[in-house]
Amino acid sequence: MLKLNFHPTGRHFLQIPGPSPVPDRILRAISLPTIDHRGPEFGALGLKVLQGMKDIFKTKHPVVIYPASGTGAWEAALTNTLSPGDHILMFETGQFASLWNKLATRLGLKTEILSWQGTDEHLPNAPGWRRGVQADLIHARLLQDKNHEIKAVCVVHNETSTGVTSNIAAVRKAMDDAKHPALLMVDTISGLASADFQHDAWGIDVSISGSQKGLMLPPGISFNAVSPRAIEASKTAKLPRAFWAWDEIIEMNKDGYWPYTSSTNLLYGLSEAQDMLAEEGMDKVFARHQRWAAGVRAAVTAWALPIQCADPTVYSPILTGVITPVGVDADAIRKLIQQRFDLSLGTGLGKLKGRMFRIGHLGDSNDLTLLATLAGVEMGLKLAGVKLAGSGVNAGMDYFAKNV
Ligand SMILES: *Cc1c(COP(=O)(O)O)cnc(C)c1O
């Protein structure tokens, strides 16, 4: 039986791509006493974290914070801007794009999903799940839509199920080139604060994010960054919404409050995360994740296992997916590594079940925690009888030692 108070010695290695390991500074901030959510201190905290989120999304426009997981913020983006039966265009990059599509369908939207058309030797059943959003396909589809039936284009920035970070500026350009007025909605639930993201400059109407991935917080809060066009659309959108409705929240946010009880202690953590990111500088944060990702890919390459992302121009700085040889159950290896070394790796989701695992390189990590992670993976692969071409740990050490 599972003992819920079981704590092995040493730190658990939470190397899944979210929830990410939470820095001690943030955990300590969250442990402060809970305050009155209508009192003066709370208003100051609210104003600070709302401004901090604008800086992180790189927007001058409102950011809405929900006491909910990322899925709630997905729903909020759609229900605030669209009406029943509206036609929306999505792009299948992996499991999260598919789940957003399912959610949209349940809300009564008419979804159309585009995907990369091609073959793949390693994953014949999921060729598109190794690549990013193809802006040219979106461009071609929007050109056909002469009557502007398509009301929104929805894409995932960092597809956490595969380790692919799509080029969002290219999607915006495709929409502009097609002179199409659809809203652009982007899920950056795992990308924000770890990979470059520019809500205003990329012309995004609604950006969706969550706390427990790039932002290094525990799960429990999520975000919508909204453009003036999105706010305009919300005035006539007819999908029912109450808890998610932007208007009341944005109105009360002017003084730093919410219409309901906000997640006070998680907001303390958010404030701390914002301070940490600002102290380091966002460009340095992005470069740090790129470097970690390159070190982890050097290890996977030394093992001679295929990286899930087949297109080097869209490698994720946040996680790396590793495809296991045919006949080797990736989940059995994950289980063995978890039991023997107290190291959690991400599972293969949806069509990728059993065929791959994911190494997260986000949150409270450093070169040595990543090398320990690679050591755990390498030992697990060997114990499972997987033939490796060479040592990924050595390749990772070489990479981190040589690349400052
Ligand atoms: C984690 C994740 C989600 C789902 O967020 P929850 O917080 O689990 O509801 C959606 N999209 C992406 C890209 C994610 O990484």
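Residues numbered from 1 in each chain as written. Predicted model: local features only at pLDDT ≥ 70, side-chain atom pairs only at ≥ 80, totals over all residues. Heavy atoms only, no water.

Some details on the site of the ligand
- As a structural note, the neighbourhood of the ligand is formed by 13 residues, with Ser69, Thr71, Thr160, Asp187 and Lys213 the closest of them.
- At 2.5 Å, a side-chain N or O of Ser69 approaches an oxygen atom of the ligand.
- In isolation the ligand has 380 Å² of accessible area, and contact with the protein removes 89% of it.
- No other element matches the three residues that helix H3 (residues 70-81) contributes to the shell around the ligand.
- Looking at the shell around the ligand residue by residue, the classes come out as four nonpolar, seven polar and two charged. (Near = heavy atom within 4 Å. Polar contact = N/O pair within 3.5 Å; in protein donor to acceptor, adjacent residues only side chain to side chain. Areas by Shrake-Rupley, 256 points an atom, 1.4 Å probe, with all protein chains shown as cover. Helix = DSSP H or I, 4+ residues; strand = E, 2+ residues; numbered from the N terminus. Nonpolar A, V, L, I, M, F, W, Y, C, P; charged D, E, K, R; others polar.)

With respect to the pairing of strand S11 (residues 319-323)
- Of all the five residues making up S11, five are buried; the element is thus mostly covered by neighbouring parts of the structure.
- Of the two faces of S11, both are covered, the one formed by Leu319, Gly321 and Ile323 as well as the one formed by Thr320 and Val322.
- Here S11 pairs with strand S13 (residues 356-360) via five bridges, running antiparallel. Of the residues in S13, the one forming a bridge with Leu319 is Gly360. (Buried < 20%, exposed > 50% of the residue type's maximum accessible area, 1.4 Å probe, protein only. Pairing = 2+ DSSP bridges.)

Let's talk about the sheet that holds strand S5 (residues 150-156)
- Strand order across the open sheet formed by seven strands is S2-S10-S9-S8-S5-S3-S4, with mixed pairing between neighbours. The strands lining the two open edges of the sheet, one partner per strand, are strand S2 (63-66) and strand S4 (110-114). Neighbour-to-neighbour, the strand axes of this sheet turn through a mean angle of 20°, independent of strand direction.
- For strand S8 (residues 183-187) and strand S9 (residues 206-210), the ladder comprises three bridges, and the chain directions are parallel. In the sheet register, Asp187 faces S9, and the bridge partner there is Ile208.
- Strands S2, S9 and strand S10 (222-226) of the sheet are contacted by helix H2 (residues 40-57), whose axis makes an angle of about 115° with S2.
- On the sheet, H3 packs against S2, strand S3 (87-91), S5, S8, S9 and S10 and is oriented at approximately 160° with respect to S9. (Axes fitted to C-alpha atoms, helices over the stretch in contact; angles between N-to-C directions. Contact = heavy atoms within 4.5 Å.)

What to know about the domain arrangement of the protein
- Per the domain assignment, the segments making up the protein are domain 1 (13-20 + 281-402) and domain 2 (24-279).
- Placing a centre on the C-alpha atoms of domain 1 and another on those of domain 2 gives a separation of 26 Å.
- With 33 residues of domain 1 at the interface, the matching set in domain 2 holds 38 residues.
- With both chains or domains summed, domain 1 and domain 2 bury close to 2800 Å², and 61% of this area falls on carbon and sulfur atoms.
- The largest contributions to the domain 1 side of the interface with domain 2 come from Met282, Phe286 and Lys351, which together make up 21% of the buried area.
- Across the pair Glu92 and Lys351 runs a salt bridge whose closest N-O atoms are separated by 2.9 Å.
- Summed over the shared surface of domain 1 and domain 2, the result is 16 residue pairs in polar contact (both at pLDDT 80 or more).
- Taken together, the residues of the side of domain 1 that touches domain 2 break down into 19 nonpolar, nine polar and five charged. (Domains from an automatic or database assignment. Buried area = accessible area lost by both parts, 1.4 Å probe. Salt bridge = Lys/Arg side-chain N within 4 Å of Asp/Glu carboxyl O.)

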